[in-house]
There are 2 protein chains.
Amino acid sequence: MRVAVLAHGKFPDRAKTAVGVLRYADYDVVSVIDRDHAGSRVTDHVPGVQDAPVVAGFGEVPEPVDALLIGIAPIGGGFDESWRPDVLAALSRGCDVIAGLHYFLNDDEEFVSLAAENDCELRDVRRPPDDLSVSEGLAGAVDAEVILTVGTDCSVGKMTTTMELARAAKAAGHEAAVIPTGQTGIMIEGWGTPIDRVVSDFTAGAVEAMIRKKGDDYEYLFVEGQGSIVHPAYSAVTCGILHGAMPDALVLCHEADRDRIHGYEPFPLPSIEEYVDLYEGLAAPVSDASVVAGALNTSDLGDAAARDALVDFESAIDAPATDVLRYDIDDVLEAIV
Amino acid sequence: MRVAVLAHGKFPDRAKTAVGVLRYADYDVVSVIDRDHAGSRVTDHVPGVQDAPVVAGFGEVPEPVDALLIGIAPIGGGFDESWRPDVLAALSRGCDVIAGLHYFLNDDEEFVSLAAENDCELRDVRRPPDDLSVSEGLAGAVDAEVILTVGTDCSVGKMTTTMELARAAKAAGHEAAVIPTGQTGIMIEGWGTPIDRVVSDFTAGAVEAMIRKKGDDYEYLFVEGQGSIVHPAYSAVTCGILHGAMPDALVLCHEADRDRIHGYEPFPLPSIEEYVDLYEGLAAPVSDASVVAGALNTSDLGDAAARDALVDFESAIDAPATDVLRYDIDDVLEAIV
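Keep in mind that this is a model prediction, so the values were computed, not measured. (Residues numbered from 1 in each chain as written. Chains lettered and ligands numbered in written order. Predicted model: local features only at pLDDT ≥ 70, side-chain atom pairs only at ≥ 80, totals over all residues. Heavy atoms only, no water.)

1. So, the pattern of salt bridges
Residue and element names in this part refer to chain A. In total, this model carries 26 salt bridges over all chains according to the counting rule given. Asp51 is the partner of Arg41 in a salt bridge, and the nearest nitrogen-oxygen pair spans 2.9 Å. Of this pair, Arg41 sits in the loop between strand S2 (28-33) and helix H2 (42-45) while Asp51 sits in the loop between H2 and strand S3 (54-55), and the two are 10 residues apart along the sequence. Ionic pairing is found between Glu63 and Arg93, a salt bridge with its closest N-O pair at 2.8 Å. With Glu63 in the loop between S3 and strand S4 (67-70) and Arg93 in the loop between helix H3 (84-92) and strand S5 (96-99), this pair connects stretches of sequence that are 30 residues apart. On the basis of relative accessibility, which here comes to 30%, the residue Arg93 falls in the partly exposed class. Through salt bridges with shared partners, a single ionic network connects Glu81, Arg84, Asp108 and Glu110. (Salt bridge = Lys/Arg side-chain N within 4 Å of Asp/Glu carboxyl O. Helix = DSSP H or I, 4+ residues; strand = E, 2+ residues; numbered from the N terminus. Buried < 20%, exposed > 50% of the residue type's maximum accessible area, 1.4 Å probe, protein only.)

2. Concerning the pairing of strand S13 (residues 290-297) of chain A
All names here are of chain A. Among the eight residues that make up S13, six are buried, leaving the element largely enclosed by the rest of the structure. Relative to S13, strand S10 (residues 249-255) is paired through seven bridges, and the arrangement is parallel. Within S13, the residue paired with Cys253 across the bridge is Ala295. The pairing of S13 with strand S14 (residues 321-322) spans two bridges and is classified as parallel. From the neighbouring strand, Ala295 faces S14, where its bridge partner is Thr322. Assessed by its sense of winding, the connection that carries the chain from S13 through helix H10 (residues 303-317) to S14 is right-handed. (Pairing = 2+ DSSP bridges. Right-handed = clockwise from strand over helix to strand, strands pointing away.)

3. A word on the UniProt feature "domain: D-glutamate N-acetyltransferase-like N-terminal" (unreviewed entry) in chain A
Under the present numbering, the feature "domain: D-glutamate N-acetyltransferase-like N-terminal" (unreviewed entry) in UniProt falls on residues 35-128 of chain A. Span residues 35-128 of chain A is 23% helix and 14% strand, its end C-alpha atoms 31 Å apart. (UniProt positions renumbered as here; feature names shortened; annotations may be inferred.)

4. What to know about the packing of aromatic side chains
All names here are of chain A. Counted by the stated rule, this structure contains eight aromatic pairs over all chains. Relative to Tyr103, the ring of Phe79 lies with its centre 5.6 Å away and its plane at 35°, an arrangement referred to as tilted. Here Phe79, found in the loop between S4 and H3, pairs with Tyr103, found in the loop between S5 and helix H4 (109-117); they are 24 residues apart in sequence, far enough to count as distant. Note on Tyr103: relative accessible area 29%, which makes it partly exposed. Aromatic side chains Tyr275 and Tyr279 sit 6.5 Å apart centroid to centroid with 20° between the ring planes, which places their arrangement in the stacked category. Here Tyr275 pairs with Tyr279, and both are found in helix H9 (residues 272-283), just four residues apart, close to one helical turn. (Phe/Tyr/Trp six-rings, centres within 6.5 Å; stacked < 30°, edge-to-face > 60°.)

Okay, here's the thing in structure tokens:
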């Protein structure tokens, strides 16, 4: 499938869905749409992913193209009205539109009627299935080892780490699968439940259902974590995933030098040691999971500073760690499989 | 308003909504409906609440009656089809029906059409408002002291403790209000948001919105807690309330002699000391709340055993505790106000 990825004003640093799709999805990305970077190319901004031109609007996306994918997810998950002309242009050209927003395309009358007119599909991947329920406390019984990525904050690399670990485990000959819990993971894997969108009472149950669906067919399940256990807004999601997944092991993800909660700057991050204690302490009554490895996003640091930061991080978690996009992943994988 | 309260097969021990309404709401309860206890009276089972006959079905509820209230909330919040004849009988007699289930009466075609025919209202108190969003991390800024009840499990007395503390604070001359987060609290107070039913991402935000709505008009807000921070199914709700409310103080609620999670018996409860550490440790990065008092449900114990259990519980939490329905609440209130 050939897709254009919308990322107005956010590419690449605040467009994690766009970057995740460029890096891991099977889509052929024909353009990234960001009016602030029009005229550049994807690899001018992000090395090591598929390349494509960056254009100012859907009107400049070349044929053939099958779908427009909304590649940004602002805090709150709303639809930015400045994107409307691009969505309308895509539908007018017969393209499907794929989004992972809390705002559903299928609830927008203008989109729905134009999609019907042009025989296009509006795919809201953040709309959870209707058959969810409360957890039965049974995820721990599956055959697979369950590995959950947990974070010190949002946007520190949990999804990326999950994808890289699963890819490395497969490359090492293991039967491994990803359990996608957020819009990007779902777009990449083609299935999954947007846990942040389910009814609060069903948070753990929705994760449990995915674990039980896949758990006896694989040696390892890598569960995409969300948020952080001390996030003022999103900790409920994190906690529900922790207890719903009943992980056997945790991988702590952190961005080097981040010391305040992004978007909630009055709140400093606790120490790494405190995070380890909080996650392990909270998991313990439900599943005996410890932090067995770490993933440190060092993209803002030079090589020497990055290596120093990794040494400090490994010492704080008392386990091997790496930057999964920059350095070797073998020691971290070894600690897990 | 004159109401009949449905509690088939569950009254009183597993009918906490029914008992909460009998104890705290302004409704005049004309009958409790429980086919297993028909012929008895409420006060045969529960001392110290308003009395009413227990009948087998709505057909035996005397006139006049304004509403049928569903007073039980099974795990999962489903509608038990054995209740249907009572709901239909109530609607046929022109009564409103009030429920706090995950299953919405307003989604049931038979109920909707009969309600329309008889000009009755179907009130689903567990349906959250449409205007919720993510927390902005601002609940800590309100003038009121915010006190949150937290528990070692579901159904250990968080709602009851919240109501008794608010009542005692008012009796002592303070401006105090309850922040209702569950169906029973909402039915009693006549407002509130069913936190377990909101979108997971909005869990903290929904609590924050209530705190900010009331926080500058009162000296004390008593927030009704939900679930437990280590509950395999419901911990997401608990965690979202903890961080969304940004409490100044916590009151730990526990049922004496409970040692396993109700309905999830493979999971033993951690020690009381561990709960204190987990709740305080998890709250700390967002608000500096400590456990300042405890509430112990001793209803299954004789007086001597209850008093011994209270001494042990006070020692474990290192703070004063009481059974709010059985013993004096003054020392506990003193620790809070």
